[in-house]
Amino acid sequence: MDKIDALIVFEDHIRELESEENEEREREKRRQKRVQRKIRDSYQLLLDELHEQGKLTSMSLWVELYPILSSDIRFSAMLGNPGSSPLDLFKFYVEDLKSRFHDEKKIIKEILKERNFEVEVSTTFEDFATVVCQDKRSATLDAGNVKLTFNALLEKAEARDKDRQKKEAKKMKMLEASLRHLFTSIGVKYDESWEKIREEVRNDPSFNAITLESERIRIFKEYQRDLEEACSHHHAKGKKAKKNRKTRKYTPSDSESLSESEDEEKRMKKKGYRSSDESSESESERRSTKSKKKKNRERSRSRSRSRDRRKSSSRRRAEESSPDSRNGEKNSMEEGELSEDELEQKRFQLLKELQGDE
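Treat the numbers as computed from the prediction; the structure is a model and nothing was measured.

What counts as what
Residue numbers here run from 1 along each chain, matching the order of that chain's written sequence. Where local features are concerned, this predicted model is filtered to residues with pLDDT of at least 70; where side-chain atom pairs are given and counted, the filter is 80 or more; whole-chain, interface and lining totals use all residues. Based on all heavy atoms of the structure, the side-chain values leave hydrogens and waters out of the count. Here, a salt bridge means any side-chain nitrogen of Lys or Arg that lies within 4 Å of a carboxyl oxygen of Asp or Glu. To qualify as a helix, a DSSP run of H or I must reach at least 4 residues; to qualify as a strand, a run of E must reach at least 2; elements of each kind are numbered from the N terminus. Working definition: with a 1.4 Å probe on protein chains only, accessible area under 20% of the residue-type maximum means buried, over 50% means exposed, and in between means partly exposed. What makes two residues a contact is simply this: any of their non-hydrogen atoms within 4.5 Å. Multiplying 1.5 Å by the residue count of a helix minus one yields the expected span of that helix. This arc corresponds to the set of directions leading from the helix axis out to the C-beta atoms. Candidate patch residues must exceed 30% relative accessible area and have no salt bridge, after which like charges are joined if within 9 Å and Val, Leu, Ile, Met, Phe, Trp or Tyr side chains if within 5 Å. Residue-level accessible areas treat just the shown protein chains as cover; the underlying method is Shrake-Rupley with a 1.4 Å probe. In this count, Lys and Arg are taken as positive residues and Asp and Glu as negative ones, while His and the chain termini are left out. A charged residue contributes its charge at one atom only: NZ of Lys, CZ of Arg, CG of Asp or CD of Glu. Fitting a line to C-alpha atoms yields each axis, with helices limited to the stretch in contact; the angle taken between N-to-C directions then spans 0 to 180 degrees. When describing relative orientation, an angle under 35 degrees is termed roughly parallel and one over 145 degrees roughly antiparallel, while 65 to 115 degrees is termed roughly perpendicular and anything else oblique. When the near helix sits turned anticlockwise from the far one by under a right angle, the crossing is termed left-handed; a clockwise turn instead gives a right-handed crossing. Only Asp, Glu, Lys and Arg are considered charged, only Ala, Val, Leu, Ile, Met, Phe, Trp, Tyr, Cys and Pro nonpolar, and every remaining residue, Gly among them, polar. Between the rings of Phe, Tyr and Trp (Trp by its six-membered ring), a pair exists once the centres lie within 6.5 Å; its type follows the angle of the planes, with under 30 degrees stacked, over 60 edge-to-face, and the other angles tilted.

Visitor: Is there a simple way to explain the pattern of salt bridges in this structure?
Guide: A side chain with one charge may pair with a side chain of the opposite charge, provided their charged atoms come close. Summed over the entire model, instances satisfying the criterion amount to 21 salt bridges. The closest approach of N and O atoms between Arg164 and Glu168, which form a salt bridge, is 3.1 Å. With Arg164 and Glu168 both in helix 7 (residues 143–186) and 4 residues apart, the pair spans about one turn of that helix. Arg164 sits in the partly exposed class, given a relative accessible area of 41%. Residue classification places Glu168 among the partly exposed positions, given a relative accessible area of 45%. In the salt-bridge network here, residues are joined through shared partners; they are Glu110, Glu114, Asp135 and Arg137.

Okay, structure coming up:
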């Protein structure tokens, strides 16, 4: 046999061995997958058993069922199994039960409707469950969904009861208001007895609208109490006002304000009773004083102007005659400042004299 033929035969043999090995690996993988699936199925059966027993529901928690699950061999087999963990499978199972809630709720409502059973505030879960379990369709229902449906129906019943109570309270307030109005119309006093008033109002529809005698007596007593409080409050206010009037004393500020007001009234009267002659004389005096003021102002202005001219001429002469120009400028500035101050002082004095003449 040639070397080439031997090489070809060797290659064929190697290929056969490789294919056999690959096939063996695939068989092993399929076998392992089958074993893992059987382990998961057995764990799923464990969850189904707990659900049938009523231990596993849509409201169950992992913490509550962990002691039961961990004591089973099927749970221990799942620990080394690749893929989903026991906790994941438990969560998937509970989520599947929760997703069935709306469909099962409809079935429960149909059962209750057929049985003419209505959930009230006083209805217990045991009574509700016995009615539901009497039907064959309840075999497929989840216990957790049954409990959730009961809670939802109970909440609706409580809401209806609250609305009913509100309506009754509103109606009772209206009846109470009409009865109180009746008491005011007949002039009930706070010290009158119920037997006397009852005889007067027993034929009135406002009285008959309230069926309970205890409610009538309660409304009557409350009305009398309100009357008594109102009377006592009014009398207390009157007494306080009288005391304040008696005990009030005039303070120095009050006397001062009174004297000031009297002086003002007197002045106004004097002004009102002045004669026309006095008013004409006062006008002539005012005109004369105004003319005098104008003349004095013109004289003061002319005097200040002449003084300013004289001082300016004296400054120029001093500047021309002084050998040191800088010293002359300083002296002239100081003289000018002093002279302006003196002028302002004289002006103020003249103004004061004019104001004194006025």
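Visitor: Hey, could you run me through the side chain of Ser138 in this one?
Guide: Along the chain, Ser138 falls in the loop between helix 6 (125–133) and helix 7. Looking at Ser138, the relative accessible area reads 15%, which means it is buried. With sequence-adjacent residues up to four places away left out, Ser138 is seen in contact with Val132 and Cys133.

Visitor: Even after reading the chapter, I still don't get helix 4 (residues 86–99), so can you show me in this structure?
Guide: An α-helical turn contains 3.6 residues, so a residue and the one three or four places further along point in the same direction. Taking 1.5 Å per residue, 14 residues should reach 20 Å; helix 4 reaches 20 Å between its end C-alpha atoms and fits that length. Those residues of helix 4 that fall on the buried side of the exposure criterion are Pro86, Leu89, Phe90, Tyr93, Val94 and Leu97. For helix 4, the buried positions fall inside an angular range of 135 degrees around the axis, keeping them on one side. Lining the buried residues of helix 4 we find helix 1 (3–52), helix 2 (62–70), helix 3 (73–79), helix 5 (101–115) and helix 7.

Visitor: Just to check I follow, could you spell out a negative patch on the surface for this structure?
Guide: A cluster of like negative charges, contributed by Glu340, Asp341, Glu342 and Glu344, occupies part of the molecular surface. Position of Glu344 relative to the elements: it lies in helix 13 (residues 325–357).

Visitor: Got a minute to help me understand the packing of helix 2 against helix 4 in this structure?
Guide: A pair of packed helices is captured by two measures, namely the crossing angle of their axes and the spacing between those axes. Across the interface, helix 2 lies against helix 4 with an axial gap of 12 Å and an inter-helix angle of 125 degrees. The orientation of helix 2 relative to helix 4 falls into the category oblique. Relative to helix 4, the crossing made by helix 2 is right-handed. Residue-level inspection shows Trp62, Leu65 and Leu69 of helix 2 in contact with helix 4, the latter providing Pro86, Leu87 and Phe90. Of the residues assigned to the contact of helix 2 with helix 4, the class counts are 6 nonpolar, no polar and no charged.

Visitor: How should I be thinking about the packing of aromatic side chains in this particular structure?
Guide: Two aromatic rings, taken as a pair, are described by how far apart their centres are and by the angle between their planes. Following the criterion strictly, the structure yields 12 aromatic pairs and no others. Here Trp62 and Phe75 contribute two aromatic rings whose centre-to-centre distance is 6.4 Å and whose plane-to-plane angle is 40 degrees, an arrangement assigned as tilted. You can see Trp62 sitting in helix 2 and its partner Phe75 sitting in helix 3, a full 13 residues away along the chain. On the basis of relative accessible area, Trp62 is assigned to the partly exposed category, the value being 22%.

Visitor: Help me understand unusual backbone geometry in this model?
Guide: With glycine set apart, most residues show a phi of negative sign, and most peptide bonds adopt trans. With phi around 55 degrees, Asn116 is a residue other than glycine that occupies positive phi space. Counting through the fold element by element, Asn116 comes out in the loop between helix 5 and helix 6. The exposed category is assigned to Asn116, whose relative accessible area is 72%.

Visitor: Looking at this structure, I do not really get the packing of helix 5 against helix 6. What am I missing?
Guide: Axis separation between helix 5 and helix 6 bottoms out at 9 Å; the angle between their running directions is 90 degrees. Considered as vectors, helix 5 and helix 6 are oriented roughly perpendicular to each other. Where helix 5 approaches helix 6, its residues Ile108, Ile111, Leu112 and Arg115 are matched on the opposing element by Phe128, Val131 and Val132. Per-class residue counts for the contact of helix 5 with helix 6 are 6 nonpolar, no polar and 1 charged.

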